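Geometric and topological summary
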Amino acid sequence: KARYLLGESWLALGDAEGAEKVFRGLLEKKPDSVPLLGALGRALAAREKHEAAMEVLRKALRLDEKDVVARRALGGCLAAQGKPVEARKEYERALQADPADPLTARVLVELLVKAGDVGTAARAAETHQKADPKSAMGDFLQLKDSSLWMSYTQDGVGIMGIKSADRGKTWGNPSVLT
């Protein structure tokens with residue numbers, strides 16, 4: 001447990017190479033550990049070794065197809081490789097496994113907004129909000145000339161709020177701060 005936390009700490013501090021070494025060492029003892037495979041995949045992705053990361057993450061998902069962390073990391077690799085359609089599918093699968101996961105909801109909404117699909121982004125955000133009504137804490141900030149708001153949960157994970165022009169509806173609790 002302590003070595004796993006050390007690897008996670010190194011990854012959080014930007015030492016993906018150190019994290020990779022820790023996770024590889026731990027996987028020698030537990031080669032089918034889904035959390036370790038997911039952590040190694042994230043470390044590889046942080047080092048921009050996306051092909052290797054996807055291989056490891058797909059192994060994790062063969063062992064546990066509902067692992068949200070591995071699914072989200074796979075989506076991130078696909079997005080980094082310029083494959084937004086495939087990335088979207090992985091994020092949607094992750095949300096099917098855990099509709100209340102705020103990080104997956106945020107990255108899916110961001111991906112949809114960047115693709116210009118604000119209506120679908122609003123529906124995805126609304127679905128997440130229904131699954132976890134307490135996730136959107138605090139005020140939202142309306143960005144100038146945008147239909148997007150950002151807020152943070154108690155654990156510091158960002159959540160989006162979207163004003164959907166095509167549905168005439170706002171998700172979240174926006175307030176314009178000037």
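Remember, it's a predicted structure, so these values are computed and weren't measured experimentally.

1. Considering the environment of Asp32
Among the secondary structure elements, Asp32 is positioned in the loop between α2 (16–29) and α3 (34–46). By relative accessible area, Asp32 is classed as partly exposed at 48%. Counting along the chain gives 28 residues from Asp32 to Ala60, while the straight-line C-alpha distance between them is 7.6 Å. In contact with Asp32, not counting residues within four places along its chain, are Leu37, Lys59 and Leu63.

2. Focus on the packing of aromatic side chains
Per the counting criterion, the structure on display carries one aromatic pair. A ring pair is formed by Tyr4 and Phe23, whose centres lie 5.8 Å apart and whose planes are at 50 degrees; its orientation type is tilted. Pair noted here: Tyr4 is in helix α1 (residues 2–12) and Phe23 is in helix α2, with a separation of 19 residues, a long-range link. Classification of Tyr4 as partly exposed rests on a relative accessible area of 24%.

3. A look at unusual backbone geometry
Positive phi values are uncommon outside glycine, yet Glu48 reaches one of about 60 degrees. Within the secondary structure, Glu48 is located in the loop between α3 and α4 (50–63). Taking the relative accessible area as the measure of exposure, Glu48 reaches 65% and is therefore exposed.

4. A word on the pattern of salt bridges
Summed over the entire model, instances satisfying the criterion amount to 12 salt bridges. Taking the shortest distance from any N to any O, the salt bridge between Glu8 and Arg42 comes out at 2.3 Å. One end of the pair, Glu8, is in helix α1; the other, Arg42, is in helix α3, with 34 residues separating them in the sequence. On the accessibility criterion, Glu8 (18% relative accessible area) is buried. Between Glu20 and Lys49 there is a salt bridge; the shortest N-O distance is 4.0 Å. Linking Glu20 in helix α2 with Lys49 in the loop between α3 and α4, this pair joins segments that are 29 residues apart in sequence. What emerges from the salt-bridge pattern is a single network uniting Glu20, Arg24, Arg47 and Lys49.

Quick notes on the rules
- Residues numbered from 1 in each chain as written.
- Predicted model: local features only at pLDDT ≥ 70, side-chain atom pairs only at ≥ 80, totals over all residues.
- Heavy atoms only, no water.
- Helix = DSSP H or I, 4+ residues; strand = E, 2+ residues; numbered from the N terminus.
- Buried < 20%, exposed > 50% of the residue type's maximum accessible area, 1.4 Å probe, protein only.
- Contact = heavy atoms within 4.5 Å.
- Phe/Tyr/Trp six-rings, centres within 6.5 Å; stacked < 30°, edge-to-face > 60°.
- Salt bridge = Lys/Arg side-chain N within 4 Å of Asp/Glu carboxyl O.

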